[in-house]
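# Topology and contacts: notes
One-letter residues, chain by chain:
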Amino acid sequence: PVTPPSLNLQGASIQIGDEFSARARLRGYAYLSSNVLVGATVDLTTGNAFSDTDGTGLGISELYVAASPSGAPNLRFADGQLDLTSYFDRNSFAKDSLTHFFNPIFQTNPALAATQLESQPAALVTWRATDDLILKATAYSSGGIDDFSIDGFAGEVGVRLGDLIVRGTYMSATDAGSRSSFPELFQSNRGNGIFGTLPGDREVSYGVNAEWFIPTLNLGVFGRYGYQENQALNLSGQTYSGGINLFDVFMADDRLGVGYGWGLSNDALRQQQNGDTPDVFEVFYDVRLAPNIRAALDFQQRNSFSETYLGIRVRADMELLNND
């Protein structure tokens, strides 16, 4: 039997301090056969709180076809416009901006995000070698569809050891004009009045991502480390984060999260340049108000606990196709 098609409408808003963001997302998929799927995601966004959305306004985040060969069900291919954050650096406790932490440090590894881990034209292969080992690889265009060139690569190994999952990710791409890297890099003088990155710069990044669920405590523990290097300038930055999620704390299906993270930075250059400390401490509480509505409150302290931010989030989901 073929799974029925799905069309989901999601609305969300996030207020952090005096910054407001909102997004309407329409996501759908349909099976053309038992092993061929087509899917798409369209976003209408304002503000910058949604790390898995490329820019603001109206845009197509995903438009793809995915297939599994009938003789190899553990092997899957996807091609088209893909949201690479959905496939790489996944984490059950620190990933989704609408379920987990508000701050992007705890969502996609900042080192990988700075190497264009976002919505991209890409070809992806996933192989579940065993129940406890998953391998992924993708080739993609660092400059998106506007400056199309298959010049990026990402690979990931995921290993499950009981209730512990560890993922290791490698990426290589060109900057392609995105100027995404650690902030200290942009004060690096290349000569002739040019500072920071250039579109042809080759960037590489490494990420390690671990999650551990402890059933007896209903507790999830996570940790990340990331490294990014601009090979043209021979400069690199590092990032790390860690924390916990507690479930069913005050009521069924609620979630309490506590985390500390250090943004992508070159610490030696930061101290020379008297830059801000790129750290954040965050506590959030997320609760289900109705079957399709969630809300959350958030508390953050940034830059060595010198700045305090309060946040609120509301999310609603609706399935538009009745498949009963």
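So, here is what we can say about the structure in this document. (Residues numbered from 1 in each chain as written. Predicted model: local features only at pLDDT ≥ 70, side-chain atom pairs only at ≥ 80, totals over all residues. Heavy atoms only, no water.)

### Things to note about the overall build of the protein chain
Of the regular secondary structure elements, the protein chain holds 2 helices and 18 strands. Here the C-alpha radius of gyration of the protein chain, 20 Å, is about what a compact globule of 324 residues would show, namely 20 Å. Along the first, second and third principal axes, the C-alpha set of the protein chain runs to 65 × 45 × 40 Å. Relative to all contacts within the protein chain whose residues are 6 or more apart in sequence, the contacts with residues 24 or more apart total 54%. Treating the 21 positive side-chain charges of the protein chain as one cloud and the 37 negative ones as another, the clouds have centres 3 Å apart. (Helix = DSSP H or I, 4+ residues; strand = E, 2+ residues; numbered from the N terminus. Rg over C-alpha atoms; globule rule 2.2 N^0.38 Å. Contact = heavy atoms within 4.5 Å. Lys, Arg positive; Asp, Glu negative; His and termini not counted. Charge placed at Lys NZ, Arg CZ, Asp CG, Glu CD.)

### Things to note about the pattern of salt bridges
Counted by the stated rule, this structure contains 11 salt bridges. Between R224 and D89 there is a salt bridge whose closest N-O contact spans 3.0 Å. Placement of the pair is R224 in strand β13 (residues 219-230) and D89 in the loop between β5 (75-83) and α1 (110-113), with a sequence separation of 135 residues. Between R270 and D267 there is a salt bridge, with the nearest N and O atoms lying 2.6 Å from each other. Residue R270 and its partner D267 are both found in helix α2 (residues 267-272); the two are separated by 3 residues, about one turn of the helix. Connected through shared salt-bridge partners, D253, D286, R288, R294 and R313 make up one network. (Salt bridge = Lys/Arg side-chain N within 4 Å of Asp/Glu carboxyl O.)

### With respect to the environment of F281
On the secondary structure map, F281 appears in strand β16 (residues 279-290). In this structure the C-alpha to C-alpha distance between F281 and R25, which are 256 residues apart in sequence, comes to 29 Å. Here F281 is in contact with V258, G259, Y260, F299, Q300, Q301 and F305, once residues within four sequence places are set aside.

### Concerning the packing of aromatic side chains
If you walk through the whole model with that rule in mind, you get 14 aromatic pairs. Where Y29 meets Y31, the ring centres are 6.3 Å apart and the plane angle is 90 degrees; that geometry is what we call edge-to-face. By relative accessible area, which is 34% here, Y29 ends up partly exposed. Judged by relative accessible area, Y31 falls into the partly exposed class, the value being 32%. Grouped by ring-pair contacts, the aromatic residues F101, F106, F222 and F284 constitute a single cluster. (Phe/Tyr/Trp six-rings, centres within 6.5 Å; stacked < 30°, edge-to-face > 60°. Buried < 20%, exposed > 50% of the residue type's maximum accessible area, 1.4 Å probe, protein only.)

### Structural notes on the layout of surface pockets
Estimates place the volume of the second largest pocket at around 1,100 Å³. Where the lining of the second largest pocket is concerned, the elements lending two or more residues are β1 (6-16), β2 (19-33), β3 (36-46), β4 (57-67), β5, β6 (119-130), β7 (133-143) and β9 (164-174). Tallied by class, the residues present in the lining of the second largest pocket amount to 13 nonpolar, 15 polar and 15 charged. (1 Å grid on protein atoms, 1.4 Å probe; cavity = no way out; pocket = protein on both sides within 12 Å on 5 of 7 lines; lining within 4 Å. Points joined across faces, edges and corners; volume = space filled by probe spheres on them. Nonpolar A, V, L, I, M, F, W, Y, C, P; charged D, E, K, R; others polar.)

### Overview of the environment of Y31
By the secondary structure assignment, Y31 is in strand β2. Measuring from C-alpha to C-alpha, the distance between Y31 and Y240 comes to 39 Å, with 209 residues separating the pair along the chain. For Y31, the contacting residues outside a window of four places in its chain are V2, T3, V36 and L37.

### Observations concerning unusual backbone geometry
Even without being glycine, D253 reaches a positive phi, approximately 65 degrees. Checked against the element boundaries, D253 lands in the loop between β14 (235-247) and β15 (255-265). Positive phi values are uncommon outside glycine, yet N274 reaches one of about 55 degrees. Turning to its location among the elements, N274 is positioned in the loop between α2 and β16.

### With respect to the environment of R90
With respect to the helices and strands, R90 occurs in the loop between β5 and α1. For the pair R90 and S241, spaced 151 residues apart in sequence, the C-alpha to C-alpha distance is 14 Å. In terms of polar contacts, R90 uses its side chain to reach the backbone carbonyl oxygen of S86, at 2.6 Å. (Polar contact = N/O pair within 3.5 Å; in protein donor to acceptor, adjacent residues only side chain to side chain.)

Any functional reading would require information beyond the geometric quantities listed.
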